[in-house]
Amino acid sequence: MNKGLIFVISGPAGSGKGTVVAALRKLIPELGFSVSATTRAPRPGEVDGENYFFVSRDSFEELLRNDEVLEHTNYCGNMYGTLKCEAERVLTEGRDLILEIEVEGALNVKRLMPDDTVTIMLIAPDPEELEKRLRGRGTESEEVIKSRLSRASEELKLAPQYDYVVTNETGKTKECAEKIRGIIAAEHQRYSRMRSVVEEYIAYKK
């Protein structure tokens, strides 16, 4: 069974990450899913190891120190993160794993699992369209919008560290997802991942 790969998709607010990833999952329903770890208490009906891995803050911080967390965030006083062992489980099953995370987290995943990770930055067609999308939400103040635009500029400075940059044209979510599906297919055919197959042919003697 071929080993899977981690495809990290990130980009500025307004780039349409969530919508594109949802469309991608419809195109490739067999994509893997990893169970995250969290320091929050289980809610009624939640099962440890199925909904989340529920751990103490001390345990979570120890996992961080040992580089066992690929990426993490702090939300409402609780920590959430993708466990390295969970990602490896999915890849060993031969399935690809999609992670929709922030730019900083994406680069950390690449640092910890460089041979298995492909990074994709999603962007709007141009700065004007990005601002239009942010304003179109109608849920954020002028101050927040300006802050997001400023942060987008800073995040895009990290684009050279990514493997791919994909433009998400307005109204063309499915087409964008198709571009990413093409990247996924191509990455599995990269020579470094096909070397053993080629060497088998070279060594073959009838």
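Residues numbered from 1 in each chain as written. Predicted model: local features only at pLDDT ≥ 70, side-chain atom pairs only at ≥ 80, totals over all residues. Heavy atoms only, no water.

Before we go on, may I ask you to explain unusual backbone geometry in this structure?
Leaving glycine aside, a negative phi is the common case for residues, and trans is the common case for peptide bonds. The phi dihedral of Asp67 falls on the positive side, at around 60°, and the residue is not glycine. With respect to the helices, strands and loops of the structure, Asp67 is situated in the loop between helix H2 (57–65) and strand E4 (69–75). Accessibility expressed as a relative area gives 31% for Asp67, which makes it partly exposed. (Helix = DSSP H or I, 4+ residues; strand = E, 2+ residues; numbered from the N terminus. Buried < 20%, exposed > 50% of the residue type's maximum accessible area, 1.4 Å probe, protein only.)

Can you walk me through a nonpolar patch on the surface in this structure?
Together, Tyr191, Val198 and Ile202 give the surface a local cluster of nonpolar side chains, amounting to about 320 Å² of exposed area. You can see Tyr191 is positioned in helix H8 (residues 191–203). (Patch = residues over 30% accessible without salt bridge, like charges linked within 9 Å, V, L, I, M, F, W, Y side chains within 5 Å. Areas by Shrake-Rupley, 256 points an atom, 1.4 Å probe, with all protein chains shown as cover. Salt bridge = Lys/Arg side-chain N within 4 Å of Asp/Glu carboxyl O.)

So what exactly am I meant to see when it comes to the sheet that holds strand E1 (residues 6–10) here?
Pairing between the strands of a sheet is mediated by backbone hydrogen bonds and can be parallel or antiparallel. Taken in spatial order, the four strands make up an open sheet running E6-E1-E7-E8, and their pairing is parallel. With partners counted over all chains shown, the strands left at the sheet margins are strand E6 (97–100) and strand E8 (164–167), one partner each. On average, each strand axis in the sheet is inclined to that of its neighbour by 25°, with strand direction left out of account. Sheet topology note: the E1/E6 ladder contains four bridges and is parallel. Note that in E6 the partner of Val8 across the bridge is Leu99. (Pairing = 2+ DSSP bridges. Axes fitted to C-alpha atoms, helices over the stretch in contact; angles between N-to-C directions.)

I would appreciate a short explanation of helix H7 (residues 173–188) in the present structure.
Since the α-helix packs 3.6 residues into each turn, any two residues three or four apart lie on the same face. With 16 residues, H7 should cover 22 Å at 1.5 Å per step; its first-to-last C-alpha distance of 23 Å lies within 8% of that length. Residues Cys176, Ala177, Ile180, Ile183, Ile184 and Glu187 constitute the buried set of H7. Looking straight down H7, one finds that the buried residues subtend no more than 110° of arc, so they occupy a single side. (Expected span 1.5 Å × (residues − 1). Arc of directions from axis to C-beta.)

What am I meant to see in the packing of helix H5 (residues 127–136) against helix H6 (residues 142–156) here?
The description of two helices packed together rests on the angle between their axes and the distance between the axes. Where H5 meets H6, the closest approach of the two axes is 10 Å, and the angle between their N-to-C directions is 145°. The two elements H5 and H6 cross, and the hand of that crossing is right-handed. Across the interface between the two elements, Leu130, Glu131, Leu134 and Arg135 of H5 pack against Glu142, Ile145, Arg148, Leu149 and Ala152 of H6. Here the contact of H5 with H6 is built from residues that sort into five nonpolar, no polar and four charged. (Left-handed = near helix turned anticlockwise from the far one by under 90°. Contact = heavy atoms within 4.5 Å. Nonpolar A, V, L, I, M, F, W, Y, C, P; charged D, E, K, R; others polar.)

Can you help me understand the packing of aromatic side chains in this one?
One pair of aromatic rings is described through two measures. These are the centre distance and the angle between the planes. Here the structure, examined in full by the defined rule, presents two aromatic pairs. Ring geometry for Tyr52 versus Tyr80: centroids 5.8 Å apart, planes at 65°, classification edge-to-face. Pair noted here: Tyr52 is in the loop between strand E2 (37–38) and strand E3 (53–54) and Tyr80 is in strand E5 (residues 78–83), with a separation of 28 residues, a long-range link. Taking the relative accessible area as the measure of exposure, Tyr80 reaches 16% and is therefore buried. Connected via pairs of aromatic rings, a cluster forms that spans Tyr52, Phe54 and Tyr80. (Phe/Tyr/Trp six-rings, centres within 6.5 Å; stacked < 30°, edge-to-face > 60°.)

Would you take a moment to explain the pattern of salt bridges for this structure?
A pair can form between side chains of opposite charge whenever their charged atoms are brought close. In this structure the tally under the stated criterion is 17 salt bridges. Two residues, Glu104 and Arg151, come together in a salt bridge whose shortest N-O distance is 4.0 Å. With Glu104 in helix H4 (residues 103–112) and Arg151 in helix H6, this pair connects stretches of sequence that are 47 residues apart. Residue classification places Arg151 among the partly exposed positions, given a relative accessible area of 42%.

I keep staring at the environment of Val118 and nothing clicks. Help me out?
Tracing the sequence through the fold places Val118 in strand E7 (residues 117–123). Sequence separation between Val118 and Pro160 is 42 residues; the distance between their C-alpha atoms is 13 Å. Ignoring sequence-local partners within four residues, the contact set of Val118 consists of Ile6, Phe7, Val8, Lys110, Asp163, Tyr164, Glu187 and Arg193.

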